[in-house]
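Overview (structure and organization)
Read off the chains here:
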Amino acid sequence: MQASFLTPTGHSDIFISAAIWTGLAALLLTLLLGLQIIAMRIGLRRRRRGEARALARWRPVLNAAIVGEIPDTLPPLRHGERLPFLRLWAHLQGSLRGEANEALNEVARRAGIDVYARTLLARGARPARLLAALVLGHLHDRPSWPLLMRMAEVPDDTLSLTALWALVRVDPQAAADYMVPLFIQREDWALSLAAGILQQAGEPAGAALARHLPLLDATRLPRGLRIAEALHVTLPAGLLASALRSEAMPVVIAALRGVRTPETIADVRALLQHEDWQVRVQAARALGRVGERSDAERLVALLGDAQWWVRYRAAQALLELPALSRADLDALRASLTDRFAADMLSQAMAESEAG
Amino acid sequence: MQNDTTSASILVVEDDDHISQVLRFMLERQGYRVTHMADGRAASEHIAANGPPGLVLLDVMLPYVDGFEIVALIRAQPAWREVPVLMLTAKNTERDTVRALDAGANDFVIKPFQPQELLARVRRFLRPAT
Amino acid sequence: MNTDSLLVAFVTWFVLAFFVALNGGYLLLNLFSLRALYRKGQEAFIGELPRAYSGLEPPVSILVPAYNEEATIAASIRSMLQLTYAEFEIVVINDGSKDGTLDVLKREFALLPFPEAYRRQIATKEVRQIYRSTRYPNVRVIDKVNGGKADSLNAGINASRYPLFCGVDADSVLQRDSLAKVTEPFLRDPTVVATGGTVRVANGCEISGGFLTRVGLPRSPLALFQVVEYLRAFLFGRLGWSALNGMLIISGAFGIFRKDAVVLAGGYRPDTIGEDMELVVRMHRTLREKRQPYRIEFVPDPVCWTEAPEDLATLKNQRVRWQRGLAESLNANWGLMFSRNGGIPGWVAFPFMLFFEWLGPVIELGGYIFMFYAFLTGLVSWEAFGAFLFVALGLGILLSASGLMLEEMSFHLYPRGKQLLLLGLMVILENLGYRQLNTWWRLIGLWRWLVQKEASWGAMKRKGVGYDGQAQAAPPVAPGEPGEPPSGRPPGKAP
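Residues numbered from 1 in each chain as written. Chains lettered and ligands numbered in written order. Predicted model: local features only at pLDDT ≥ 70, side-chain atom pairs only at ≥ 80, totals over all residues.

So, the overall build of chain C
The test is simple: Strands are runs of DSSP state E lasting at least 2 residues, helices are runs of H or I lasting at least 4, and numbering of each runs from the N terminus. The burial criterion counts other C-beta atoms lying within 10 Å of a residue's C-beta, which is placed from the backbone; the residue is buried at 20 or more, exposed at 12 or fewer, and partly exposed between these limits. Note on contacts: residues are paired as contacts if their backbone-placed C-beta atoms lie within 7 Å.
Regarding its fold elements, chain C presents 13 helices and 12 strands. Counting the 495 residues in chain C, one finds 48% classified as buried. For chain C, restricting intrachain contacts to residue pairs at least 6 apart in sequence, the fraction spanning at least 24 positions comes to 81%.

Next comes the structure, spelled out in structure tokens:
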């Protein structure tokens, strides 16, 4: 039995040593943390001062380049200045377009940035590779194509998307061919990211998409169609018509979203009575875009639909129909016996007035 | 009546530090006098307290008071009513360019912008009437 | 005598172990958050570059419940209009205010009544009228019968147009990129159903036009303690849980949710105090039961600032309320604990909260009292008592210091060296009384909850049935109308 815990002068050695050692460890760690905090703050200050100096040296050079007057001799780019320079340079590249981009690129090449960025891309840590990909994309740097392609395939999303963005700027045609099937397949990448990158490829992206869409099966086609919609690509007519008649509902829904011209209007009208409410919603919207006066009746029928969103979009579509005037709409509203339909039409009319 | 000194002054309202420095550099190089305000509130105070410049270069997304409201303020001031306003819009959706023109701006430039194009539009508004 | 000594020995060891486990657990969470912060810091550079809006960022409905906010509501809404985000709408819910809140809104935003076909997905108290601003086309106001914050949020959800909604307090001070930052996880990962933003202490900061202009430290010691406390417990602790996908709380001051997931879980519960936490725990439970893959993430960037109470009475009420809210949230969702598909939330986070946060105050305070009593009556020696205090306070200081270090590493918001030193001092002082006071208040909260639970159990059950009855009273609609199943698509424009 251990020494009595109870007597006023006795104590459990184990308890006390355990407690004291734990407390000392905590104290030591706290001191270390304190020192770490101070070190980080000093480091931060020093970094900021260095950055300010670098910017003061290089900002005038970049400004001159932007207005078309690159100085004949550039100061040498010091080691510690590279990062602040790159940040300013990338920020300006993102804010400007036209000749200014090429002028900035020339300054970068003369300062040896392209070489530096390539080494960063090959051997740097993760943030360095991100920055390098960004820079090389702005530079349209062909030699880094293979490295960027490898980076586009890594599982790390930020790295791969940045690499794709850069690839588009290096060679839009080749990149579009590679990326379109990739973006269609990667459903986990948000549409906005895919569209943002593809938009940079311009026309080649649309062409690649038009080539790829007929090859897709029903599971992939919806996403392909949605990307096409985001890029405002006109789809081959036959493709849209066959998509509208597809058995797979997601395909039909995506196809309806892409209806912009009256060629497929017969299919759209047929889908207004579809059993799935999401199809009816998209059909109503599509009819608003391409419908004619005679479609007003069909849309009025949908105003009495059981689903709120169907009624809402049908009402909006009625307002979009070119042939209906304000007076027509008022008369229409007055003639409705269904309370929900009348409410919905009133709401849509009020919304369009409020802008 | 415009005399030469006022026709060469420009008010730049832009919150991005790097872009505003580029703008200042570009415009001063052309001989204009640049007054820079970094946010909507400083700009509205300036508008209320000072005489009009030759041109206002205005960003849409500003802290405290956005660009559209500043345009309305400008048009509400009698001395500033005729001042040309050139807006820098970042969103390239149709709605914002329409909104800019409806609010009373004379022209707009979409960001990312081309420096030479911006200068040409500025020159157009500051050309002395012939 | 021997059993007594055994008992005392057991209790003292238990208390010691509890303090080590409590602080150790939070230190571990801070360690997880360290990794997450490190990765985040690397990506910060890319985020800073101007990105032309591609027009496809998920649109958000910002819901602002307001009760008697006539003095500040106009300025708050105006500042929210300046958020840098591609597309969003603001829905203000006037919760039957007795002052001039609605009049102020009508005047400042040129409201006109709007014939809205209101869609009742979640039952709420009666909505009197819906208004729309003619000056700002994306602002709407709902005027309804008073029903509390949860009820107002439910009404806002019913009226919202977009697939994501943001619950925000009328007095939250945001930053212009707050909305962009907290919606970013939705862009990266389509399984994210909710994200929470950090709430930081606004006292001592300069605020103008509804936005934060300069970060500063408050003068009041109570507020200073809270600054350190928020860093220690609310910031990085939550980031740690988020890294494990076990985050059980999203602050009501600023959080983004996917509407379909919330409707699936049943919306906010109108009869609880901690409706924000209760919803999140219920979302975990519901989604786990249905075996739907999901993530609930925490965004550590400083996006939301609130005024912390600077007097003891208000602070005490706040903490008592928080503890009651915690208790209610856990109590309403027992099904999550140790459930078959419970994962980290069910097997780690819920028990952790239960033991260390819910029951914790009892053991903490009980431990202090016991040791003190035992020392006084000679049951333990002064060495043992001293050692105990050394450990308890030392670990607490270590934890607070780790919070400060993480803040310096990631955001270093306090630019002056003097501020850092002051915070360092507060790290120590916070543990010498404030933390214990907090524990006492939480104990009171626990007690009040226990007492109230017994009394109003019957009343709550009856109220629940009543609400359901009201919802079904609507005119004939297809049975599929309320609570349409989530489509599983990543958030985009509405159909």
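Structural notes on the overall build of chain B
Looking only at helices and strands, chain B features 6 helices and 5 strands. Counting helices and strands in the order they occur from the N terminus, chain B gives α-β-α-β-α-β-α-β-α-β-α. Taking all 130 residues of chain B together, the buried fraction comes to 37%. Long-range contacts, defined here as pairs at least 24 residues apart, represent 58% of the contacts in chain B between residues at least 6 apart.

Some remarks on helix H3 (residues 99-110) of chain A
Residue and element names in this part refer to chain A. To be explicit about the condition: Expected helix span is computed as 1.5 Å times (number of residues minus one).
Taking 1.5 Å per residue, 12 residues should reach 16 Å; H3 reaches 17 Å between its end C-alpha atoms and fits that length. Among all positions of H3, only Ala100, Asn101, Ala103, Leu104, Asn105, Val107 and Ala108 are buried. Positioned one or two residues after H3, Gly112 has a phi angle of 80°, which is positive.

Quick word on the environment of Val192 of chain C
Residue and element names in this part refer to chain C. Assignment of secondary structure puts Val192 in strand S8 (residues 192-201). The spatial distance from the C-alpha of Val192 to the C-alpha of Phe355 is 28 Å, given a sequence separation of 163 residues. Contacts of Val192, omitting those with residues within four sequence positions, involve Pro185, Phe186, Arg295 and Glu297.

Some words on helix H12 (residues 237-244) of chain A
What sets the pattern is the α-helix's 3.6 residues per turn: residues three or four places apart point alike. Operational definition: Note that the arc is defined by the directions from the helix axis to the C-beta atoms.
Inspection of H12 of chain A places Leu240, Ala243 and Leu244 of chain A among the buried residues, and these make up the whole buried set. All buried residues of H12 of chain A fall inside an arc of 100° around its axis, so they share one side.

Some points on the packing of helix H15 (residues 277-290) of chain A against helix H16 (residues 295-302) of chain A
If you want to describe how two helices pack, look at the angle between their axes and the distance between the axes. Residues and elements named next belong to chain A. Here is the rule: Lines are fitted to the C-alpha atoms to define the axes, a helix being fitted only along its stretch in contact, and any angle between axes, read from their N-to-C directions, falls within 0 to 180 degrees. Angles below 35 degrees are treated as roughly parallel, those above 145 as roughly antiparallel, those between 65 and 115 as roughly perpendicular, and all remaining angles as oblique. Helix crossings fall into two classes, left-handed where the near helix is turned counterclockwise from the far one by less than a right angle and right-handed where it is turned clockwise. All residues other than Ala, Val, Leu, Ile, Met, Phe, Trp, Tyr, Cys, Pro, Asp, Glu, Lys and Arg, Gly among them, are scored as polar; the first ten of these are nonpolar and the last four charged.
Packing of H15 against H16 leaves a shortest axis separation of 11 Å and a crossing angle of 150°. When the axes of H15 and H16 are compared, the pair comes out roughly antiparallel. Crossing of H15 against H16: the hand is left-handed. Contact residues: Arg280, Ala284 and Leu287 in H15; Asp295, Leu299 and Leu302 in H16. Tallied by class, residues from the contact of H15 with H16 come to 4 nonpolar, no polar and 2 charged.

Comments concerning the nonpolar core
Quick note on the threshold: Nonpolar core, as used here: buried Ala, Val, Leu, Ile, Met, Phe, Trp, Tyr and Cys residues forming one set through C-beta atoms within 7 Å.
Ranked by internal contacts, the top residues of the largest apolar core, which has 137 residues, are Leu104, Ala133, Val135, Ile227, Leu256 and Ala284 of chain A together with Leu58 of chain B. Contact partners of Leu104 of chain A, with chain neighbours within four places excluded, come to Leu62, Ala65, Ile66, Trp89, Leu92 and Gln93 of chain A. Listed in part, the 131 residues of the second largest apolar core include Val173, Leu235, Leu248 and Phe257 of chain C.

Some points on unusual backbone geometry
A cis amide bond links Lys111 of chain B with the next residue in sequence, Pro112 of chain B, at an omega value of 0°. Counting through the fold element by element, Pro112 of chain B comes out in the loop between strand S5 (107-110) and helix H6 (115-126). Not every positive phi belongs to a glycine, and Asn245 of chain C is a case in point at roughly 55°. Within the secondary structure, Asn245 of chain C is located in the loop between helix H6 (221-243) and strand S11 (254-258). In this structure, Phe338 of chain C is a non-glycine residue whose phi angle is positive, near 55°. Within the secondary structure, Phe338 of chain C sits in the loop between helix H9 (312-331) and helix H10 (343-358).

Observations regarding the sheet that holds strand S4 (residues 85-89) of chain B
Residue and element names in this part refer to chain B. Test applied: When DSSP finds two or more bridges between two strands, those strands count as paired.
Pairing within the open sheet is parallel, and its 5 strands lie in the order S2-S1-S3-S4-S5. The open sheet has two free edges, formed respectively by strand S2 (33-37) and S5, since each of these has just one partner strand. The average angle at which neighbouring strand axes cross in this sheet is 20°, direction not considered. Pairing of strand S1 (residues 9-13) with S2 involves 5 bridges; the strand directions are parallel. In the sheet register, Ile10 faces S2, and the bridge partner there is Val34. Helix H2 (residues 17-29) rests against S1, S2 and strand S3 (55-59) of the sheet, and its axis sits at about 165° to S2.

So, the environment of Tyr85 of chain C
Residue and element names in this part refer to chain C. Relative to the helices and strands, Tyr85 resides in the loop between helix H2 (73-81) and strand S2 (88-95). Residues Tyr85 and Gly246 lie 161 residues apart in sequence; the distance between their C-alpha atoms is 29 Å. Setting aside residues up to four positions removed in sequence, Tyr85 forms contacts with Val60, Leu179 and Ala180.

Some remarks on the pairing of strand S4 (residues 127-133) of chain C
Both faces of the sheet carry side chains from a regular strand, because those side chains alternate between them. Residue and element names in this part refer to chain C. In terms of strand pairing, strand S3 (residues 111-113) meets S4 through 3 bridges, oriented antiparallel. Within S4, the position partnered with Leu111 by the bridge is Ser133. Relative to strand S5 (residues 139-144), S4 is paired through 5 bridges, and the arrangement is antiparallel. The residue bridging Tyr131 from the neighbouring strand is Val141, located in S5. Remark: 5 residues form the turn of the hairpin made by S4 and S5, two consecutive strands paired antiparallel.

Some remarks on the confidence of the model for chain C
Residue and element names in this part refer to chain C. Threshold: pLDDT runs from 0 to 100 and stands for how confident the predictor is about each residue.
Taken over all residues, the pLDDT of chain C has a mean of 84, while the share at 70 or more is 88%. Low confidence marks residues 50-56, where pLDDT is under 50. Its contacts with residues over four positions away, or in another chain, come to 17 contacts. Confidence drops under pLDDT 50 across residues 458-495; counting only partners more than four residues distant or on other chains, this segment forms 37 contacts. The complex model carries a pTM of 0.79, and its ipTM stands at 0.88.

Thoughts on the pairing of S8 of chain C
Residue and element names in this part refer to chain C. A large share of S8 lies buried, amounting to 10 of its 10 residues. Bridging between S8 and strand S12 (residues 295-306) involves 9 bridges; their strand directions are parallel. Residue pairing for S12: Ala194 is matched across the bridge by Ile296. Strand direction decides the pairing type here: S8 and S11, joined by 3 bridges, are antiparallel. Note that in S11 the partner of Ala194 across the bridge is Phe257.

Focus: the packing of helix H9 (residues 191-201) of chain A against helix H11 (residues 221-230) of chain A
All names here are of chain A. Between H9 and H11, whose axes approach to 10 Å, the crossing angle comes to 55°. In terms of axis orientation, H9 runs oblique to H11. For H9 against H11, the interelement crossing comes out right-handed. Of the residues in H11, those touching H9 at Leu191, Ala194, Ala195 and Leu198 are Arg226, Ile227 and Ala230. When grouped by side-chain class, the residues that make up the contact of H9 with H11 number 6 nonpolar, no polar and 1 charged.

Let's talk about the confidence of the model for chain B
All names here are of chain B. Per-residue pLDDT for chain B averages 85, and the proportion of residues at 70 or more is 88%. The spread of mean pLDDT over the elements of chain B runs between helix H1 (residues 4-7), the lowest at 48, and S2, the highest at 95. Between residues 1-6, whose pLDDT stays under 50, and residues either more than four places distant or in other chains, the model counts 2 contacts.

Here we look at the environment of Ala42 of chain B
Its place among the elements puts Ala42 of chain B in helix H3 (residues 40-49). Note: C-alpha distance between Ala42 of chain B and Val13 of chain B (29 residues apart in sequence) is 9.0 Å.

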